[in-house]
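A closer look at the structure
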Amino acid sequence: MEIHLEDVKITDDGHLSVRFKEEDHTGTFPPGFLQEHSYSNGHLALKKQATKINPEHVGVVPEVQWSDVRDSEESLYQCLKNINEHGLCMVRNGSIDGKLVEKFALKIGPIWDNTYGAVWDVKSQKTPTNFGYTNKEMQYHMDLPFYQAMPGIEFLHCLRFDATVEGGQTLFLDITDIAENFRKDHPEEFNILATIPFTFARVHNDRDYPINMVIRRPIIQLNREHEVVAVFWNPTVTGALQAEENEVESFYKAYQLFAKQLYSCQDKEMVVRLQPGEIVIWNNRRLVHRRNAFHGDGDRHFRGVYIDICEYKSRLSILSQKYGDGSSIKRVGNGDWF
Ligand SMILES: [Fe+2]
């Protein structure tokens, strides 16, 4: 059925009013709705620009107080906004209640269950089954990139970190920012990492619940305008490269070069030494993290949970409309640009 317009006008309050002939119906469209549905290149460019990360926000660790986020939804919005802008947020002055991190995560979304459990502990063990359970240095990585939908937001709550323990800081770096710089410095290698799939694999039979997870994906994911919309990085969960023979050498050269670039950006690194009761929350799809080795008499015990990136985006979007200006969510590393 064809629809014809009988009358079109701008109302006194700036809305577009359209009267449809066949349906005997008048529709009123506010300017925000029209901009959202506009196909003009100018509006599209503005929308895309609004989702880009402000370089001035990279490398800054914002913080909120636990009592504020516990009692006020508006403070929770501030915490999520900090993660949106900076990639992470510190929550100061919490308690060492073992349930605290779950309670907090549930204010944002359901906890993401996985093969390591919905709630997991990071504590050095005498016979570790995972590198995370040692006291050794850990290199830059994202958690669980062998899952198709790897975790989005990661929480680490410090239950114990004795002053006698030396080292053990957690360090963060914005890998999306690094990838953009890598494109400028090494365009050919950038293109290799954006096209040849890398193999992420976790194969571990000697545990109660054996794992055999393998996924191939390029390390750098681009959209059709060749913008970086996701990066995947974890050298400790590497499977056999399934590339053509003539690609292998150039792939590994590009891979090494990217690793070098990561470690040459330590001036942008954000260093956190958690105190008991504190929680650090970050976007596991935008930041890589590493850990310094730790030594000395005493204990270091963290408890962690994840939530899905879509749950976080949804909660932030709702709170932004309620307490903020409803402004765009920055790129979160989910393969989309907003
Ligand atoms: Fe980790």
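Refer to the structure presented above.
Residues numbered from 1 in each chain as written. Predicted model: local features only at pLDDT ≥ 70, side-chain atom pairs only at ≥ 80, totals over all residues. Heavy atoms only, no water.

Structural notes on the overall build of the chain
Quick reminder of the rule: Each helix corresponds to a stretch of at least 4 residues labelled H or I by DSSP, and each strand to a stretch of at least 2 residues labelled E; elements are numbered beginning at the N terminus. Partly exposed describes any residue whose relative accessible area lies between the buried limit of under 20% and the exposed limit of over 50%, with all areas from a 1.4 Å probe on protein chains only and scaled to the type maximum. Here, residues are in contact when the closest pair of their heavy atoms is within 4.5 Å. Computed with the Shrake-Rupley method and a 1.4 Å probe, the accessible areas treat only the protein chains shown as cover for residues. Here the positive residues are Lys and Arg and the negative ones are Asp and Glu; neither His nor the chain ends is included. A charge is said to be at NZ when it belongs to Lys, at CZ for Arg, at CG for Asp and at CD for Glu.
Check the secondary structure of the chain and you find nine helices and 19 strands. In terms of overall dimensions, the chain has a C-alpha envelope of 80 × 60 × 40 Å along the principal axes. Here the chain holds 338 residues, and 45% of them are scored as buried. The long-range share in the chain, meaning contacts at least 24 apart out of those at least 6 apart in sequence, stands at 76%. Counting only carbon and sulfur atoms, one obtains 49% of the accessible surface of the chain, whose full area is about 17300 Å². Across the chain, the centroid of the 38 positively charged side chains sits 4 Å from that of the 48 negatively charged ones.

Some words on the packing of helix H4 (residues 73–86) against helix H9 (residues 309–323)
Keep this limit in mind: To obtain each axis, a line is fitted to C-alpha atoms, and for helices this fit is confined to the stretch in contact; angles are then taken between N-to-C directions over 0 to 180 degrees. Orientation labels follow simple angle bins: below 35 degrees gives roughly parallel, above 145 gives roughly antiparallel, 65 to 115 gives roughly perpendicular, and whatever is left gives oblique. Note: crossing handedness is left-handed where the near helix turns anticlockwise from the far helix by less than a right angle, and right-handed where it turns clockwise. Residues are grouped as follows: Ala, Val, Leu, Ile, Met, Phe, Trp, Tyr, Cys and Pro are nonpolar; Asp, Glu, Lys and Arg are charged; every other residue, Gly included, is polar.
Where H4 meets H9, the closest approach of the two axes is 9 Å, and the angle between their N-to-C directions is 125°. Taken together, the axes of H4 and H9 lie oblique to each other. Along this stretch, H4 crosses H9, giving a crossing that reads as left-handed. Residues Glu73, Glu74, Leu76, Tyr77, Leu80, Lys81, Ile83 and Asn84 of H4 lie in contact with H9, whose contacting residues are Tyr312, Arg315, Leu316, Leu319, Ser320, Lys322 and Tyr323. When the residues that make up the contact of H4 with H9 are grouped by side-chain class, the tally is eight nonpolar, two polar and five charged.

A few points about the coordination of the iron ion
Spelled out, the test is: Each metal's donors are the N, O and S atoms found within 2.8 Å of it, except that Na, K and Ca use a 3.2 Å limit; water is left out, so coordination can look incomplete.
The coordination sphere of the iron ion, as far as protein atoms go, consists of His141 (NE2), Asp143 (OD) and His289 (NE2), spread over 2.2 Å. When the donor residues of the iron ion are listed from N- to C-terminus, their spacing reads H-x1-D-x145-H. One end of the pair, Asp143, is in the loop between strand S7 (138–141) and strand S8 (153–161); the other, His289, is in strand S17 (residues 287–291), and 146 residues separate them in sequence. Residue classification places His289 among the buried positions, given a relative accessible area of 7%.

What to know about the environment of His295
Tracing the backbone shows His295 in strand S18 (residues 294–295). In this view, His295 contacts Thr164, Val165 and Glu166; residues no more than four positions away in its chain are not counted.

Brief notes about the environment of Pro30
Among the structural elements, Pro30 can be located in the loop between strand S3 (25–29) and helix H1 (31–36). Residue classification places Pro30 among the partly exposed positions, given a relative accessible area of 32%. Separated by 19 residues in sequence, Pro30 and Thr11 have C-alpha atoms that sit 9.8 Å apart.

Quick look at the packing of aromatic side chains
Test applied: Any two of the Phe, Tyr and Trp rings considered here, Trp counted by its six-membered ring, make a pair once their centres fall within 6.5 Å; the pair's planes then place it as stacked at under 30 degrees, edge-to-face at over 60, or tilted in between.
Across all of its chains, the model carries 19 aromatic pairs by this definition. On the basis of an interplanar angle of 15° and a centroid distance of 5.1 Å, the ring pair of Phe198 and Tyr255 is categorised as stacked. Of the two residues, Phe198 is situated in strand S11 (residues 198–204) and Tyr255 in helix H8 (residues 245–263); the sequence distance between them amounts to 57 residues. A single burial state applies to Phe198 and to Tyr255, both of which are buried.

With respect to the sheet that holds strand S2 (residues 16–20)
Stated precisely, the cut-off is as follows: Being paired, for any two strands, means DSSP has found at least two bridges between them.
With respect to topology, three strands assemble into an open sheet ordered S1-S2-S3, the strand pairing being antiparallel. Each end of this open sheet is capped by a strand with a single partner; those strands are strand S1 (5–10) and S3. Shown here is a sheet whose adjacent strand axes are inclined to one another by a mean of 15°, direction ignored. Note that S2 and S3 share five bridges and pair antiparallel. By the bridge assignment, Leu16 is partnered in S3 with Phe29.

Observations concerning the state of the cysteines
The condition is simple: Whenever a pair of cysteine sulfur atoms sits within 2.5 Å, that pair is classed as a disulfide.
Evaluation of the coordinates by the stated rule reveals zero disulfides. Here Cys89 stays unpaired: no disulfide links it, and the sulfur of Cys79, its closest cysteine neighbor, is 4.0 Å away. Here Cys310 is not cross-linked by a disulfide; its sulfur's nearest cysteine counterpart is in Cys79, at 19 Å. Residue Cys310 is classed as partly exposed on the basis of its relative accessible area, which comes to 49%.

Keep in mind these values describe shape, not function.
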